[in-house]
Amino acid sequence: MTSGGLLRPGPGQEPTAAWSPACQLLSVRDLTVEFRNSEGMFGRRHRVLRALDGLSLDLQAGQSIAVVGESGSGKTTLGRVICRLQRITAGQVLFRGQDVRALRGADLARFRRSVQIIFQDPYASLDPRIRVGSIIAEPLTVNRIGTAVERRAKVADLLDTVGLPRSLTRRFPHELSGGQRQRVAIARALALSPQLIIADEPTSALDVSAQAQVLSLLDSLRRELSLSLVYITHNLPTAAYVADRAAVMYLGRIIESGPVTDVLLSPRHPYTVALCTAAPTLDSAERAVARRHQTEARGEPPDPASPPAGCRFHPRCWFRPQVPDGARCAQTEPETRASGGHGAACHFSHLLQEWTAKPGCQEPGRGT
Amino acid sequence: MISSRVGEGQLVPPHDLTPAPTWTDYPRKLLRTRTGAAGAAIVGFLVLVAVLAPVIAPDNPMAVSPAARLAAPSARHLFGTDDLGRDLLSRVIYGSRYSLAGGVSIVLIGTLVGLVVGLIAGYAGGWLDEALMRVTDVFLAFPSLILAMAVAAALGPSLVNAVIAIGAVWWPWYARLVRGQTLRIRSQPFIAAAVVSGARGRHIVPNHILRNAISPVIVQMSLDVGYAILTLAGLSFIGLGAQPPTPEWGSMISVGRDYYLSQWWFVTFPGLALLLMVTGFILLSDGLLTVVPSSRGIT
Amino acid sequence: MLEIRGLKVQLNSAHGVIHAVNGVNLSLARGQTHALVGESGSGKSVTALAVAGLLPPRQTTIRGHILLDGTDLTMLSERQMRRIRGGDIAMIFQDPSAALNPVRRVGGQVAEALTAHGMSRREARVKAHGLLSDVGLYKPDQLARNYPFELSGGMKQRVVIAAALGPRPKVLLADEPTTALDATIQEQVLRLLHRMTVDRGTAMLLITHDLAVAARAAGQVSVMYGGTIVETGDTAAILRHPRHPYTVGLLGAVPRLSRATVPLRGVGGEPIDSRAVPPGCPFAPRCQWAVARCWTQPPVLTPAAAVGDETGSGGYPHLAACWNQVLPAEVTVGKPARPGFHRADGPAGRHGAVSAP
């Protein structure tokens, strides 16, 4: 099954009951996650924040997807939901055909060994009081895998895999640089040989050179170990290095998804275009500057607790003044229009595609 | 982003290549601070006195000698004698044992109970947290000394009972402290990472939470020993703690109260000893406060 | 306007002496933006803090000269520095929340920056609203009454910029001002900084670890490693013909939208330990072009080896501190960037030609 099946064209196929490698490794259906804040005396008033709003997503075994979004898009919440760190309000998350929410006992233990996570902050994701060797071995210790000797050997192996010297076993986290810490976190995530790793902005807190190292590492790992990666980031260009597909999120919804090169080089949603042009590149040509100015998202990111009516992006949409019926953007939520596995939720996606195809609007890097 | 931002008076190299402070580092660092060194010296001295009491005390602290009662300090009796002719110096020396042991026991009881309550409340959350914290609040709302007196009176006046009573009112502060630390640590990503690896509370609480929460607790403990000793002496003073003939400082002061106008030594020397011990512990804890990095939130 | 000459900063911590800065030379003219690029431990932040006089005096030894319009800042007392700070020299940091008082309204905080340097309160309040609008905040009168926690990261950073640039400082030190912001906001803030510094003739020293940020915000770049400047020059020249292996590595580490053929290659190894700076070039351990001389003799900044098509335009001299300067043929990490861009900067205007792609 190579269609990707990312965007649900409509109510349709249900997953088969028994899992086989041909099925989706991960399947997210109409996922909604709400946070409630009680205000007022005795908590009578409630503010509901919908971090994820009816989101659907599929991932095959061995495939990797980049979830791209800014703060408030809900991408981190999505990552946490997938590894069962966050409660679901509505919808389903199926891992290997099993409902993640319903897992108990041995099934849950197996799930925990199959899905791992890497966090954004390399400092806070390692216990400062425990040595690196024990940190990496912890998943094995907790699951009572192997003897002490075997675990030590495995830890040494893992350090080799992530390109760290074995002498780091005795060190404490704060003796390592940010890039090294993040690689320790990756080693820890690999300890149980998981099938799916969620990388929540693994490079955002790192220097550009450490970032390059970690991204290369993630890329080589996913190829060599046939890992599935859910790579969460706000830095769009990095997505191409570690993922086959990309999904762009805005305010709890996926507004565009498809093969990563298609999404990056031929975006079909104005927000994606804005992200592409805003992405830090080395291009300071006048044309690039002008294009950035033209396609940037206007104004401030919205409050996730009170999303705009109609298309969520419309108050900030740079393309809206150029479309014939701008009022529609403010009234109705756009449906996702897909073709060739690449779709976007925009009323005027076809017009946007024409616009980006014009020679004066070449993206930087196209034709490089 | 790692930036070598420097705050006022604080220097942090970009990534800290210093070896982690292990427990063995702290004593050395402590002794380099003025208060820490002074405190350690005093406490060390008193601990020696307590341990070597049988060796260094000139007389049997219980040996009654009516003929020599209320004798002023002299070469024979350096601190004088009490109302029953017992050598005050020996009694003061032996008294250090009760105060030390008592103070430390009180703090240990308080810490252990407080740790259990605080860890459970902080990690479990929900109604258990609420229930435990309300109980804690009740204890905290009571004037601790009165409560201790009530418990001691109920249990019957004795040194052991006084220690238990005071320990029983000492734990709420630790519970609050530990709970606060637990909440802070629980929100850190490394806890989430442990959960995702399949760890349960059984593994996380002792290995991660306790290890990270313990240092402010230790500092608080050292601060409290001095006050615990004082509280114990106070209970003995009013008769609810050590009973005669036990040479506990508080009860000695209590008896000497009646004689202090003319036989000043009776009250003074036990009082000075108490002062010295409490001061030593306070200085020691002050030194620890400067040395142990994560001791924010300690009062 | 701002000139740094031979700056050396030593930090005496409990764990030994750290040579954070080892001889830095820099100059900044009115309305210019100079980017100081380097990874953590390179000494870039410490340089800025030294200019602002924010390093703890007892633990720091500063040598060299920092000249602001002729006045040597290293010679000034704390009281004199305090007058200059905020007034002639402003500084903004990565985390805007840390710079704003959480219990005061933002309007008041911007006004405070003005009154601290001799403006009446009423005047300052009016001016503050004007500033908030200048930095692109919507409904500044309303927004001035907000507390910092009610604002997003980008808005807070704009408030900080308003407060910093209000008193019309001569120099703005910006330490990673956009690193903590989302990509779209990052672009807005960089543009805002550019506009405001050019309008007010403020010189800006932009500190960043990301060469891409430097590329779009600064006219001149100095790349720092191990406390020294390893390459410096006009941004365009450096991006087109980097000469120092570290710069080449940094360029290779910037992710591109079209990854197609070019794998992401950064700089191998780990950032330098500033306590144990080796003799010779600090970059030698990580350098794939190192020769014997690199290990023993610390390189000096020399004019970059010229190459065929490089237009010897005016502007900042292109210098590199390397015994084995990299020539274009050896740069195998892919084309650094499309050729032929320059950035209009400062009163001098454009220089050099813009060639077609």
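Residues numbered from 1 in each chain as written. Chains lettered and ligands numbered in written order. Predicted model: local features only at pLDDT ≥ 70, side-chain atom pairs only at ≥ 80, totals over all residues.

Asker: So what's going on with the overall build of chain B? Which residues, and what values?
Answerer: Secondary structure assignment for chain B yields 11 helices and zero strands. Overall, chain B shows an N-to-C arrangement of helices and strands of α-α-α-α-α-α-α-α-α-α-α. Looking at the 299 residues of chain B, the share that counts as buried comes to 44%. (Helix = DSSP H or I, 4+ residues; strand = E, 2+ residues; numbered from the N terminus. Buried ≥ 20, exposed ≤ 12 C-beta atoms within 10 Å, placed from the backbone.)

Asker: Requested: an account of the overall build of chain A, with residues and values cited.
Answerer: Along its length, chain A carries 12 helices and 12 strands. The buried share of chain A, taken over its 368 residues, is 54%. Restricting to contacts in chain A with at least 6 residues of sequence separation, those with at least 24 account for 64%. (Contact = placed C-beta atoms within 7 Å.)

Asker: Describe the nonpolar core, listing the residues and the values that go with them.
Answerer: Ala-239, Ala-246 and Val-248 of chain A together with Ile-166 of chain B are the most contacted members of the largest nonpolar core, which totals 279 residues. For this core, the element with the highest residue contribution is helix 7 (residues 159-186) of chain B, accounting for 15 residues. (Core = buried A, V, L, I, M, F, W, Y, C linked by C-beta atoms within 7 Å.)

Asker: Any chance you could break down the sheet that holds strand 12 (residues 319-320) of chain C for me, citing the residues and the numbers?
Answerer: Residue and element names in this part refer to chain C. The mixed open sheet is built from eight strands, whose spatial order is 6-7-8-3-9-10-12-11. Each edge of the open sheet is held by one strand with a lone partner, namely strand 6 (89-92) and strand 11 (302-303). Relative to the sheet, helix 11 (residues 245-252) contacts strand 3 (33-37), strand 9 (220-225) and strand 10 (228-234), its axis offset from that of strand 9 by approximately 105°. (Pairing = 2+ DSSP bridges. Axes fitted to C-alpha atoms, helices over the stretch in contact; angles between N-to-C directions.)

Asker: If you had to explain the domain arrangement of chain A to someone new, which residues and values would you point to?
Answerer: Residue and element names in this part refer to chain A. As assigned here, chain A comprises domain 1 (62-85 + 103-265) and domain 2 (266-368). Placing a centre on the C-alpha atoms of domain 1 and another on those of domain 2 gives a separation of 30 Å. Residue assignment for the side of domain 1 that touches domain 2 shows that the elements contributing at least two residues are helix 7 (236-242), strand 9 (245-250), strand 10 (253-259) and helix 8 (260-265). Among the elements that take part in the side of domain 1 that touches domain 2, strand 10 stands out by supplying six residues, more than any other. Taken together, the residues of the side of domain 1 that touches domain 2 break down into 11 nonpolar, five polar and four charged. (Domains from an automatic or database assignment. Nonpolar A, V, L, I, M, F, W, Y, C, P; charged D, E, K, R; others polar.)

Asker: Describe the sheet that holds strand 8 (residues 228-233) of chain A, and please don't skip the residues or the numbers.
Answerer: Residues and elements named next belong to chain A. If you walk across this open sheet you meet the eight strands as 6-7-8-3-9-10-12-11, and the pairing is mixed. Lying at the two open borders of the sheet, with one neighbouring strand each, are strand 6 (115-118) and strand 11 (336-339). Taken pair by pair, the neighbouring strands of this sheet meet at an average axis angle of 15°, ignoring direction. Pairing analysis gives four bridges linking strand 11 to strand 12 (residues 342-345), with the strands arranged antiparallel. Across the sheet, Ser-339 pairs through a bridge with His-342, a residue of strand 12. Relative to strand 9, helix 9 (residues 270-278) is tilted by about 105°, and along the sheet it contacts strand 3 (64-68), strand 9 and strand 10.

Asker: Hey, could you go over the packing of helix 7 (residues 153-165) of chain C against helix 8 (residues 183-200) of chain C for me, with residue numbers and the actual values?
Answerer: All names here are of chain C. In the contact formed by helix 7 and helix 8, the axes pass within 10 Å of each other and the chain directions differ by 10°. With respect to helix 8, the element helix 7 is oriented roughly parallel. Note on element contacts: helix 8 touches helix 7 through Ile-185, Gln-188, Val-189, Leu-192, Leu-193, Met-196 and Arg-200, opposite Gly-154, Gln-157, Arg-158, Ile-161 and Leu-165. A breakdown of the residues in the contact of helix 7 with helix 8 according to their chemical character gives seven nonpolar, three polar and two charged. (Parallel < 35°, antiparallel > 145°, perpendicular 65-115°, else oblique.)

Asker: Break down the environment of Gly-108 of chain C for me, citing the residues and quoting the values.
Answerer: Examined against the element boundaries, Gly-108 of chain C turns out to sit in helix 4 (residues 106-115). Between the alpha carbons of Gly-108 of chain C and Val-126 of chain C there is a distance of 11 Å; along the sequence they are 18 residues apart.

Asker: Tell me about the pairing of strand 6 of chain A, residues and numbers included.
Answerer: Residue and element names in this part refer to chain A. Burial along strand 6 is two-sided: Val-115 and Ile-117 facing one way and Gln-116 and Ile-118 facing the other are all buried. Bridge analysis of strand 6 against strand 7 (residues 196-200) gives four bridges, and the strand direction is parallel. Bridge pairing in strand 7 places Val-115 opposite Leu-196.

Asker: Break down helix 4 (residues 148-161) of chain A for me, with residues and values.
Answerer: All names here are of chain A. Here helix 4 is 14 residues long and its end C-alpha atoms lie 20 Å apart, about the 20 Å a rise of 1.5 Å per residue gives. Taken together, the buried positions of helix 4 are occupied by Arg-151, Val-155, Leu-158 and Leu-159. All buried residues of helix 4 lie within an arc of 100° about the axis, which places them on one face of the element. Within helix 4, the exposed residues directed more than 90 degrees away from the buried face are Val-149, Glu-150, Ala-153 and Asp-160. Its buried side turned inward, helix 4 meets helix 3 (132-142) and helix 5 (178-190). (Expected span 1.5 Å × (residues − 1). Arc of directions from axis to C-beta.)

Asker: Got a sec to walk through the packing of helix 7 of chain B against helix 9 (residues 201-237) of chain B? Specific residues and values, please.
Answerer: Residue and element names in this part refer to chain B. Running from N to C, helix 7 and helix 9 point in directions that differ by 155°, and their axes come no closer than 9 Å. Overall, the two elements helix 7 and helix 9 adopt an arrangement that is roughly antiparallel. As helix 7 packs across helix 9, the resulting crossing turns out to be right-handed. Residue-level contacts link Ala-162, Val-163, Ile-166, Trp-170, Tyr-174, Leu-177, Val-178, Gln-181, Thr-182, Ile-185 and Arg-186 of helix 7 to His-208, Ile-209, Asn-212, Ala-213, Pro-216, Val-217, Gln-220, Ala-228, Thr-231, Leu-232, Leu-235 and Ser-236 of helix 9. Split by residue class, the contact of helix 7 with helix 9 holds 15 nonpolar, seven polar and one charged. (Left-handed = near helix turned anticlockwise from the far one by under 90°.)

Asker: Before we move on, can you summarise the confidence of the model for chain B with the specific residues and values?
Answerer: All names here are of chain B. Confidence in the prediction for chain B averages 82 pLDDT; 89% of positions are at 70 or higher. Confidence drops under a pLDDT of 50 for residues 1-20, and excluding neighbours within four residues, the segment shows 52 contacts in the predicted structure. Predicted complex metrics record ipTM = 0.82 and pTM = 0.83. (pLDDT = per-residue confidence, 0-100.)

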